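# Inside the fold
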Amino acid sequence: MNFLLLKRIYAPLMLIGWNAAALTLVMRGGPGIALLPLLLGAVACSFLAERWIPYEPRWNQAHGDRWRDTAHALVNEGLSLMGVLAIPLLAALRPWPSIWPTDWPLALQWLLALLVADAGITLTHWASHRLPWLWRFHAVHHSVERLYGFNGLMKHPVHLAIETAAGTAPLLLLGMPQQVAALLAFSVALQLLLQHANVDMRIGALRHLLALAPVHRFHHLKWVGTGDVNFGLFTTLWDRLLGSAHDEPGRRFRPGDFGIGTAPDYPKSYLAQLLAPWR
């Protein structure tokens, strides 16, 4: 197998392939819950790629964190699913009629939702590194010392709820349909997978536009101030506007680069991490 070719096509193939599959499924009338098997397929592809073309082979070795990260992923994806299922109820509570562009093709509606959510989630992420009370919850995500696919879903539920609200509240006020919300939730999970994957993906000029792993790894550097860059979820647009975009294409990251430098003994178990912000 030509692994260099695989490294170059991996990110575009994952982004286009899985999002296109999700769009096709929903356009054919499939329920939002049917996107879960697709997400599991994307996770499986990510884990296989981490074995075939790893960025850092040592990050494929569990650090006693697999069950903890799996718990984070299951709880947080469960909360996201509950949020999508609550869309009809939230729509009924909206005191004005929907102004969502339902006459647009579904792909354009999905793209609109993605761009709006990117703004809200990125700005909340940026604020989480500046407001101490937000950082206490966001620190759970930064406590990881190796980057692999599940790290993207390792978030404190409180911080997840705040980020989700910031990204979706404007969309809900506009009347975003449930099927678009389901597609957005799928794309967010896929993007988080790609941002944190231990895959030696070569993205070329896409690093100037998309917030994928080669760019996002700078954000997880453990030294104070150094990691306060590249907050974007989907794009690098807001980082460029905020002046927080940073890139060194030739930089290599090693074990020991990630974590929280000022808290080397941050709790490692799932329950301890849920309690940590309150202490």
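You'll find the structure just up there.
Numbering of residues starts from 1 in each chain and follows the order in which that chain's sequence is written. For a predicted model such as this one, the threshold for reporting local features is a pLDDT of at least 70, and the threshold for listing and counting side-chain atom pairs is 80 or more; totals across whole chains, interfaces and linings nevertheless cover every residue. As a rule here, side-chain values cover all heavy atoms of the structure and leave hydrogens and water aside.

## Notes on the pattern of salt bridges
Here, a salt bridge means any side-chain nitrogen of Lys or Arg that lies within 4 Å of a carboxyl oxygen of Asp or Glu. What the rule picks out here adds up to 10 salt bridges. We note a salt bridge from R68 to D69, for which the minimum N-O separation is 2.9 Å. The shortest N-O distance in the salt bridge between D200 and R202 comes to 3.0 Å. R202 gets classed as partly exposed once you look at its relative accessible area, which sits at 38%. Through salt bridges with shared partners, a single network forms among K7, D200 and R202. Relative accessible area decides the class of each residue, using a 1.4 Å probe on protein chains only: under 20% of the type maximum gives buried, over 50% gives exposed, and in between gives partly exposed.

## Topic: the packing of helix α1 (residues 3–27) against helix α5 (residues 106–128)
Only the stretch in contact is used when fitting a helix axis, every axis being a line fitted to C-alpha atoms; angles between N-to-C directions are given from 0 to 180 degrees. Secondary structure elements follow DSSP: runs of H or I no shorter than four residues count as helices, runs of E no shorter than two count as strands, and numbering proceeds from the N terminus. Relative orientation of the contacting elements α1 and α5 amounts to 125 degrees, with a least axis distance of 10 Å. The orientation of α1 relative to α5 falls into the category oblique. Like other packed secondary-structure pairs, α1 and α5 cross with a definite hand, here right-handed. Contacts between α1 and α5 involve N19, L23, V26 and M27 from the former and L106, A107 and W110 from the latter. Of the residues contributing to the contact of α1 with α5, the split by class is six nonpolar, one polar and no charged. Small angles under 35 degrees read as roughly parallel and large ones over 145 as roughly antiparallel, with 65 to 115 read as roughly perpendicular and the rest as oblique. Definitions for this section: a left-handed crossing has its near helix turned counterclockwise from the far helix by less than a right angle. A right-handed crossing has that turn clockwise. Contacts between residues were defined by any pair of non-hydrogen atoms, one from each residue, lying within 4.5 Å. Amino acid classes used here: Ala, Val, Leu, Ile, Met, Phe, Trp, Tyr, Cys and Pro are nonpolar; Asp, Glu, Lys and Arg are charged; the rest, including Gly, are polar.

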